[in-house]
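Okay, here's what each chain looks like letter by letter:
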Amino acid sequence: MDSPQRPQEGSNDIETMDGVWRELERNRSDLFEDKEPGMREPLLRKRTLNTTSQIAIVGANVCPIESLDYEIVENDLFKQDWRSRKKVQIFQYIVLKWTLALLIGLSTGLVGFFNNLAVENIAGFKLLLTSNLMLEHRYITAFFAYGGCNLILATAAAAICAYIAPAAAGSGIPEVKAYLNGVDAYSILAPSTLFVKIFGSIGGVSAGFVLGKEGPMVHTGACIANLLGQGGSHKYHLTWTWLRYFKNDRDRRDLITCGAAAGVAAAFRAPVGGVLFALEEAASWWRSALLWRTFFTTAVVAVVLRGFIEFCRSGRCGLFGQGGLIMFDLSSTITAYSTPDLIAILVLGVIGGVFGGLFNYLLDRILRAYSIINERGAPFKILLTITISILTSCCSYGLPWLAKCTPCPADVMEQCPTIGRSGNFKNFQCPPGHYNDLASLFLNTNDDAIRNLFSGGTENEFHMSTLFIFFTAIYCLGLVTYGIAVPSGLFIPVILAGATYGRIVGTLLGPISDLDPGLFALLGAASFLGGTMRMTVSVCVILLELTNDLLMLPLVMLVLLISKTVADSFNKGVYDQIVTMKGLPYMEAHAEPYMRNLVAGDVVIGPLISFSGVEKVANIVHALRLTGHNGFPVVDEPPLSDAPELVGLVLRSHLLILLKGKRFMKERVKAGAGEMLQRFGAFDFAKAGSGKGLKFEDLDILDEEMEMYVDLHPITNTSPYTVVETMSLAKAAVLFRALGLRHLCVVPKTPGRPPIVGVLTRHDFMPEHIVGLFPHLNHHK
């Protein structure tokens, strides 16, 4: 990430520059000496020494991270490019934005359907095999067949995740959320991550783990948007030059926001919920134009899914039928509620808040323990996954033996017991005409288990003991499953556990409430979602779109508000906790209270490396080699100006391109923008996609060229955002986050000093950095 910088007097003086280089060499050696022990810490803490990239945990691996820059670089090349653009090019840019939104929707919809089709058929084959063996009373063989299939699928999913793309582990929502906040890591949205996210999610869900494919679908949609937005991949020889307009962080951010919304729409068949999820949880910057494009993208996803569902109704999709794209239709249930029902809702909200806060606390502890195992390498990640797979198989197959056989209801409309993959009434070990209610929940896909819990008119279908056993198992398995090296989402485990205790509460409060247990299951799921994820509007709309039951809107809103309020008194939302645990430097929309006691000039540290408007090539090369700074102030001094003045800020990537072009001069004079415009175009300095940019190692500067000069004026951003050194750090933080900055220049308040005090970066606003500088503030946090 970027580095905080502070000036030294006469920074262009040779002796001072030599001192700066020596100090940077010491810092650099210290950093590399400290790096290896730090890598072995369970969950990495960000380094206070910041002369190179920072590191964080992305997926299940340690990665270097950088900041994204949403600021427009207004240099001479940019201004000339805008002056030369014609109406046709502007129209082409607008059409391309909508075309990419269309392609993101189509691609995400196709991937979502493919995921569900694969899961339903793979898991369906496994469950049919197990069921057929049990009908023949070959119970031991059935267990080994069931557990063996789970083990093979889990091992395959963990292997491709551990060896090909460790960043694909987990749900991916914390990483996408951090990216949209301005934090980048090479592997977050790479093509290999997309591949593993799709096939690893299929393997993990099919293996019977207590996890969902909804979180991974958000990450998948973001990866698809990133791949399309940067014109494909140079590594895989898939590029499109006509996408050059999107070679900047601002447009890629908007596309990835559309992709995240499309992922939710594809997972839940909830287009409006997808838009609200992106607005409430994922995106850090929002505007009305983005709202329209996001809504268009999710609408395309909904149309694609609807078309494929209609195609599959004819039976041409194998076992993909009642399961798959989850839709729990509760619209036929009468939802008239009274004052006693509201008391039951209050109870559910409080329970959801308590269970949600406890879930987040325990998940934090478990993830910290798992990180010690995961950092030992890929074999240990796979071994951990195998262990959890065996545990899950034993619970899913073993616990139903504790349940009693229940006679089939006389007035049931569907087949009882169910012969086959899905259904409310699993035979398991029971005699004809009976079913095992616990097996109906465990030996089903997670989607079918939720459908069974949400089903109406089934007051006596599940015993109270069954619901208690299932809730305990799902709650615990959901906790221990999330941290393994497999793409895994939290939505489904949370909905399953919440629906189960919702049914328990509905059964216990049956004498005073007229609501159906299936509706209590829906409200329980809403309360647990509110208690763990702390989302309200988006979860409310997603659940209503899932259940097609608008009459439940007031009750769902009430239970979400109560559960979120209760849980907020314990800890933060689960995704916010994971972002912090992973060491991702996420900037909140509000400043911390203790920042009001500090000013901007208090937190900039380290030697400031600044360049003259016409700088010696050797000085630039040394600065690029010895520092990881991504922005350098440009200061003109006599004879280039009458007095020292801040020209602007030049980016590291632009300096590398300029040095690679070797447009050097023997004399220290201004070359002017005309010569630069003849040699370079604005798109030459456009930001490349992930991992494609020019690196320092790519430069080949000769010894005689090191003594030459280069004019930095044409590529310098002449209008950087600046704050005075006495501005409150809290105000500076709000400004930095609201504008999506990477660098914020700090200028002196009094004349007669160097024209710049330092440069604030994201690192300077992190609590760990501030408390490291001012330990006494730790008591006020």
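Residues numbered from 1 in each chain as written. Predicted model: local features only at pLDDT ≥ 70, side-chain atom pairs only at ≥ 80, totals over all residues. Heavy atoms only, no water.

Considering all chains together, one arrives at 25 aromatic pairs under this definition. Taken together, a centroid distance of 4.5 Å and an interplanar angle of 20 degrees make the contact between F113 and F308 stacked. With F113 in helix α3 (residues 87–135) and F308 in helix α10 (residues 288–312), this residue pair connects regions lying 195 residues apart in the sequence. Since its relative accessible area comes to 8%, F113 is described here as buried. (Phe/Tyr/Trp six-rings, centres within 6.5 Å; stacked < 30°, edge-to-face > 60°. Helix = DSSP H or I, 4+ residues; strand = E, 2+ residues; numbered from the N terminus. Buried < 20%, exposed > 50% of the residue type's maximum accessible area, 1.4 Å probe, protein only.)

Take the confidence of the model for the protein chain next. Predicted coordinates in areas of low pLDDT are best not read in detail. Averaged over every residue, the pLDDT of the protein chain is 83; residues scoring 70 or more account for 85%. Overall, residues 44–53 carries pLDDT values under 50, and its contacts beyond four positions in sequence, including any with other chains, amount to 43 contacts. (pLDDT = per-residue confidence, 0-100. Contact = heavy atoms within 4.5 Å.)

Summed over the entire model, instances satisfying the criterion amount to 7 cavities of 30 Å³ or more. The calculated volume of the largest cavity comes to roughly 240 Å³. Lining of the largest cavity is provided by 26 residues; of these, G208, F209, N444, T445 and N446 occupy positions nearest its centre. Listed by contribution, the elements that provide at least two residues to the lining of the largest cavity are α3, α6 (191–206), α12 (378–398), α13 (437–442), α14 (446–454), α15 (464–481) and α16 (491–508). When residues of the lining of the largest cavity are assigned to their parent elements, the largest contribution, 5 residues, is made by α3. Residues belonging to the lining of the largest cavity are distributed by class as follows: 14 nonpolar, 8 polar and 4 charged. Considering only enclosed or pocket space, the second largest cavity measures out at about 130 Å³ in volume. What lines the second largest cavity is a set of 11 residues, among which S131, M134, K426, F428 and L443 lie closest to the centre. Considering only residue class, the lining of the second largest cavity consists of 6 nonpolar, 4 polar and 1 charged. (1 Å grid on protein atoms, 1.4 Å probe; cavity = no way out; pocket = protein on both sides within 12 Å on 5 of 7 lines; lining within 4 Å. Points joined across faces, edges and corners; volume = space filled by probe spheres on them. Nonpolar A, V, L, I, M, F, W, Y, C, P; charged D, E, K, R; others polar.)

On to the state of the cysteines. Tallied over the full model, the rule gives 1 disulfide. Across the disulfide, C405 is cross-linked to C430 (sulfur-sulfur distance 2.1 Å). Judged by the torsion about the S-S bond (-95 degrees), the C405/C430 disulfide is left-handed. Of this pair, C405 sits in strand β6 (residues 405–407) while C430 sits in the loop between β6 and β7 (434–436), and the two are 25 residues apart along the sequence. The class for C430 is buried, based on a relative accessible area of 6%. In this model C476 remains outside any disulfide bridge; the closest cysteine sulfur is found in C395, 8.7 Å from its own. Taking the relative accessible area as the measure of exposure, C476 reaches 41% and is therefore partly exposed. (Disulfide = S-S within 2.5 Å.)

The subject of this paragraph is unusual backbone geometry. Across the junction of P638 and P639, the peptide omega takes the value 10 degrees, indicating a cis bond. Here P639 shows up in the loop between β9 (631–636) and β10 (645–651). Phi is positive for R269, close to 55 degrees, though the residue is something other than glycine. Turning to its location among the elements, R269 is positioned in the loop between α8 (249–268) and α9 (271–282). Even without being glycine, R534 reaches a positive phi, approximately 60 degrees. Take R534: it is sitting in the loop between α17 (517–533) and α18 (537–547). Note on R534: relative accessible area 9%, which makes it buried.

Once their charged atoms are close, side chains differing in charge can pair, the charge on each being opposite to the other. Under the criterion given, the structure shown has 17 salt bridges. We note a salt bridge from R742 to E66, for which the minimum N-O separation is 3.2 Å. Here the residue R742 occupies a position in the loop between α25 (729–739) and β13 (744–747), and E66 occupies one in strand β2 (residues 61–67), the gap between them amounting to 676 residues. Among the residues examined, R742 registers a relative accessible area of 11% and is labelled buried. On the basis of relative accessible area, E66 is assigned to the partly exposed category, the value being 24%. The salt bridge involving R534 is made with D568; its shortest N-O contact spans 3.2 Å. Highlighted residues: R534 in the loop between α17 and α18 and D568 in helix α19 (residues 553–568), separated in sequence by 34 residues. Among the charged side chains, a network of salt bridges with common partners joins R253, D254, R287 and R293. (Salt bridge = Lys/Arg side-chain N within 4 Å of Asp/Glu carboxyl O.)

What follows covers the sheet that holds strand β14 (residues 758–760). If you walk across this open sheet you meet the 3 strands as β12-β13-β14, and the pairing is mixed. One side of each edge strand has no neighbouring strand; the edge strands of this open sheet are β12 (722–724) and β14. Within the sheet, the average angular offset between the axes of one strand and its neighbour, ignoring direction, is 35 degrees. Strand direction decides the pairing type here: β13 and β14, joined by 3 bridges, are antiparallel. (Pairing = 2+ DSSP bridges. Axes fitted to C-alpha atoms, helices over the stretch in contact; angles between N-to-C directions.)

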